Amino acid sequence: MKRREEMSLVERLYVWEIVKGLWITTGHLIRNLFVYLCGVIGIRLRKPWATIEYPNEGRPYAPRYRGRHRLTLNTDGSIRCTSCFLCATACPAKCIYIEAAEHDDAKIEKFPDRYEIDTLLCIYCGYCVEACPVDAIRMDTGIHPQIYPPDPRAFIEDKETLMMRSRLLEDRGPKALFDDHLTRMQEIEKHPFHGEY
Ligand code: SF4
Ligand code: SF4
């Protein structure tokens, strides 16, 4: 940006600058209108708008996107979490609730009998993932927060839900999870908050 004292007389009058601005804006309008009208008659030059028609279209998230949580599993399918409470301690929103219990197997000190995340309170900062010393919680699902029916208690994701997400991710991959998510969002759009999602 030029300082006022560096401007020429024409620039200081602003009239030419306003004309230039209108010229650029009108140019974009005409170009986008032309591309759009070509699209209407079946000639697809390029997409004339930057937005996407979500949820009919989905823009895949970057690999480092922090999405929905999941609790990771051991090779035998058991929960990896050791109930150390570090994630709950690190969580700035205080939305992780854990109840530790003794394990039947003497080699395992304890496990989470109850593990819940209140996704309405969560700010998706990822601190819980960073705090975990055993890689038991991740946010690598590539899908954004689930929308549940209007009851706020439904937004609390329990241990089974978080473990099931790991199984689904392993069985079907992130693309299938993302497609399921889009389908669910389309259903919600058609029937807002009726039935189960
Ligand atoms: S992402 Fe952040 S706010 Fe959400 S549960 Fe983890 S630490 Fe808490
Ligand atoms: S998820 Fe990780 S940090 Fe949280 S309680 Fe389990 S082992 Fe500890």
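Residues numbered from 1 in each chain as written. Chains lettered and ligands numbered in written order. Predicted model: local features only at pLDDT ≥ 70, side-chain atom pairs only at ≥ 80, totals over all residues.

**Q** So what about the site of ligand 2? Which residues, and what values?
**A** The local shell around ligand 2 holds 13 residues, among which Cys81, Cys84, Leu86, Cys87 and Cys132 are the closest. Per-class residue counts for the shell around ligand 2 are eleven nonpolar, two polar and no charged. (Near = placed C-beta within 6 Å. Nonpolar A, V, L, I, M, F, W, Y, C, P; charged D, E, K, R; others polar.)

**Q** Lay out unusual backbone geometry with the relevant residues and their values.
**A** Between tyrosine 54 and the following residue, proline 55, the backbone shows a cis peptide bond with an omega angle of 5 degrees. Mapping proline 55 onto the fold places it in the loop between α2 (15–40) and β1 (70–71). A positive phi is found at lysine 94, a non-glycine position, where the angle reads about 50 degrees. Within the secondary structure, lysine 94 sits in the loop between α3 (86–90) and β2 (96–102). (Helix = DSSP H or I, 4+ residues; strand = E, 2+ residues; numbered from the N terminus.)

**Q** Describe the sheet that holds strand β5 (residues 156–157), and please don't skip the residues or the numbers.
**A** In space, the three strands of this open sheet follow the order β2-β3-β5, with antiparallel pairing throughout. At either margin of the open sheet sits one strand with a lone partner, and together these are β2 and β5. As paired elements, strand β3 (residues 110–118) and β5 share two bridges and run antiparallel to each other. Looking at the pairing, isoleucine 117 lines up with glutamate 157 of β5. Helix-sheet contacts for helix α5 (residues 159–190) involve β3 and β5, and the interaxial angle to β3 is about 90 degrees. (Pairing = 2+ DSSP bridges. Contact = placed C-beta atoms within 7 Å. Axes fitted to C-alpha atoms, helices over the stretch in contact; angles between N-to-C directions.)

**Q** For the site of ligand 1, give the residues involved together with the corresponding values.
**A** Taken together, the neighbourhood of ligand 1 is formed by 14 residues, with Cys91, Cys122, Cys125, Tyr127 and Cys128 sitting nearest. Partitioning the shell around ligand 1 into residue classes produces 13 nonpolar, one polar and no charged.

**Q** Give a detailed account of the domain arrangement of the chain, specifying residues and quantitative values.
**A** The assigned domain composition of the chain is domain 1 (10–40) and domain 2 (70–188). Taking the mean C-alpha position of each, domain 1 and domain 2 sit 50 Å from one another. (Domains from an automatic or database assignment.)

**Q** Run through α5, naming residues and quoting values.
**A** Here α5 spans only 30 Å end to end across 32 residues, well under the 46 Å set by a 1.5 Å rise per residue. Maximal helix bending in α5 amounts to about 110 degrees, located at glycine 173; proline proline 174 follows within four positions. The complete set of buried residues in α5 reads Leu162, Met163, Arg165, Ser166, Leu169, Leu177 and His181. Along its buried surface, α5 packs onto β1, β3 and β5. (Expected span 1.5 Å × (residues − 1). Bend = angle between axes of the 7 residues up to and from the residue. Buried ≥ 20, exposed ≤ 12 C-beta atoms within 10 Å, placed from the backbone.)

**Q** Pulling in residues and values, what's your account of the pairing of β3?
**A** As paired elements, β2 and β3 share seven bridges and run antiparallel to each other. Of the residues in β3, the one forming a bridge with isoleucine 98 is tyrosine 115.

**Q** Please set out the environment of glutamate 6 residue by residue, giving values where relevant.
**A** Mapped onto the elements, glutamate 6 comes out in the segment before α1 (9–13). A C-alpha to C-alpha distance of 51 Å links glutamate 6 and alanine 93, two positions 87 residues apart in sequence.

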